[in-house]
Amino acid sequence: MPRPHRRLASTCIGTVTAGLLATGAALAAPEREQPKGSDVAMGAFLDSGPPGVARIPQLSRWLGGKEIRVGHTYLPGDRWARIEAPDFLEAWAQWRRAKANRLFVLNVPMQQHNEDHVPDRQVAQLIRAGAEGEFDHHFQRLAEKLVDLGLPDTVIVLGWEMNGATYTHRCAPDPQGWKEYWRRIVNTMRSVPGQDFKFDFAPNRGSDAIGWTKCYPGDDVVDIVGMDSYDQAPGRTFDEMVSQPYGLQQHVDFAKAHGKEISYPEWGLFRYGDNPEYVQRMLKWIGQHKPLYHTITDYCPHGVWQCKQNPRSAKAFRAALAPERPGPVIPTPVVPTPVIPTPVVPTPVVPTPVVPTPVVPTPHVPTPEIPVPSPAVPAPDVPVVPTPTPAPSTSPAPGVPDPAPEPVPVPSPAVPSPEVPAPDPVPVTPEPVEPSPQVPAPQSPSPEPVPEPVPSPALPSPQTPASPSPDPVPVPVPVPSPAVPSPVVPTPEPVEPPANSTEWCVPINFGEWLSKLVGKQSVCVKIDWGKDSGFWPW
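Residues numbered from 1 in each chain as written. Predicted model: local features only at pLDDT ≥ 70, side-chain atom pairs only at ≥ 80, totals over all residues. Heavy atoms only, no water.

S.K.: Would you take a moment to explain the pairing of strand S4 (residues 155-158) for this structure?
M.R.: Look at any regular strand and the pattern is simple: side chains alternate between the two faces of the sheet. Taking every second residue as pointing to the same face, both faces of S4 are buried, with Val-155 and Val-157 on one and Ile-156 and Leu-158 on the other. Here four bridges tie strand S3 (residues 103-108) to S4, and the two strands are oriented parallel to one another. By the bridge assignment, Leu-106 is partnered in S4 with Ile-156. As judged from the three bridges shared by S4 and strand S5 (residues 198-201), these two strands associate in the parallel manner. Bridging from a neighbouring strand, Val-157 pairs with Asp-200 of S5. At this point the chain moves from S4, through helix H8 (residues 175-190), to the parallel S5, and the crossover so formed is right-handed. (Buried < 20%, exposed > 50% of the residue type's maximum accessible area, 1.4 Å probe, protein only. Helix = DSSP H or I, 4+ residues; strand = E, 2+ residues; numbered from the N terminus. Pairing = 2+ DSSP bridges. Right-handed = clockwise from strand over helix to strand, strands pointing away.)

This is the structure:
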């Protein structure tokens, strides 16, 4: 809660002291400590005119590069001419238009001679005059000025600290008239085309001259419920400042009940000197309750940057608001991944075992004396050759009786019978051979005996002229099985019986495959030439 003469003095000599303050800012070198800061829009009252605008970037550097988003200044309040048409707002307008996220806050007095200690009786008269509309034109001109400068969204802190006993625009002499006057000013300024003002109702913390809730003009003409809070009574500790009547907690609760945002247009040190605990606790409170904005009053005895008599509080302020700088980037050491060679495991060569093919011995089948017909090769029927009547010219040798004609069996259909005289057939008893159980032996028809000249056993066969053979009687030949092709039976060489032999044999060829199985076979006929046979010539 700064004194009026200090604000006026700051406004008048601001240009002269700008260089000295800039030097002081340079001396306040930033420290290396990087504590956590608040993300709420913040600013500081550094001066009313252009010097205040020029110091904003310096304050930002002192805070380690923190962005100062709020520009805050006051109208003089000494004369109506300086209230309705201030000559120093152009610099603020340029600063505000430079970035869209910036906020311009302007404290506007409700009366001229605002800090001249006007008595309560006269204040009450001025309040009633204002409620009747006597001062409307001053506020209309101010609104038009702000719109023309490009400041239509200015936050207007109208009649600040109205619950106190200092300013001519105070509320206590006539609370009801004061509320009507507030409403008239707001409606007048809102009537200007192009405006988008926000009106901030900002009492002092505590009861002061009157409880500030008794001065509240209504939700329709208030946009923000603010509070100025300095380190002074009522309340010695910060906890007492929170819990006291009309204190910080009641302020938050009241704004919430009315659906309004909160703000802290003025705060700082005052009665208790360099008090870093208060600075820390106030910034923590701001960070917890997230006001629309907050601005510290930064000149002695309230400030922390331009006022060098509060070094510990200045350090606490910087620690809380300076943004954290990233530390040096320590590169992560690149640990090379060891290249572990993959061991080459030779694939064992497993030799493929040579499994010898078992030699199955071919069973030796004894050669039977009587040929066994192949079950797979049916023997074709041999045509029956009729016995011709012997010609007179083909009589046997003298002294040899004619043999009785007997049928001679011819077993091999593929081998022609030799042209020999047919001797008396001697039945041959074959050795028993186990026939095939599945294939019955073919029945060969008995041919009629063919009379052939039989040579003398002791002499070579007589040469007899060939006589014409009668036509044979055709006999139907059975068709072999189509599933088993007939093997090619090579014609065997006729085996001539030995001289003077009584046994005649004809070989039988069953083919290569069957011959391996049953062996070579032949059909033999034994002829008895004994004396008792009737063939013995001598």
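What follows picks up the thread again.
S.K.: What is the right way to look at the side chain of Glu-266 in this model?
M.R.: Mapped onto the elements of the fold, Glu-266 is located in strand S8 (residues 261-268). With a relative accessible area of 1%, Glu-266 lands in the buried category. A distance of 2.5 Å separates polar atoms of two side chains, one belonging to Glu-266 and the other to Tyr-74. (Polar contact = N/O pair within 3.5 Å; in protein donor to acceptor, adjacent residues only side chain to side chain.)

S.K.: I keep staring at unusual backbone geometry and nothing clicks. Help me out?
M.R.: Comment: phi is negative for the bulk of residues other than glycine, and the bulk of peptide bonds are trans. Cis rather than trans, the peptide bond between Ala-233 and Pro-234 has omega equal to 5°. Looking at where Pro-234 falls in the secondary structure, it is placed in the loop between strand S7 (229-230) and helix H9 (238-243). Residues Cys-300 and Pro-301 are joined by a peptide bond in cis, for which omega reads 5°. The phi angle at Glu-161 is positive, at roughly 50°, despite the residue not being glycine. By secondary structure assignment, the location of Glu-161 is in the loop between S4 and H8.

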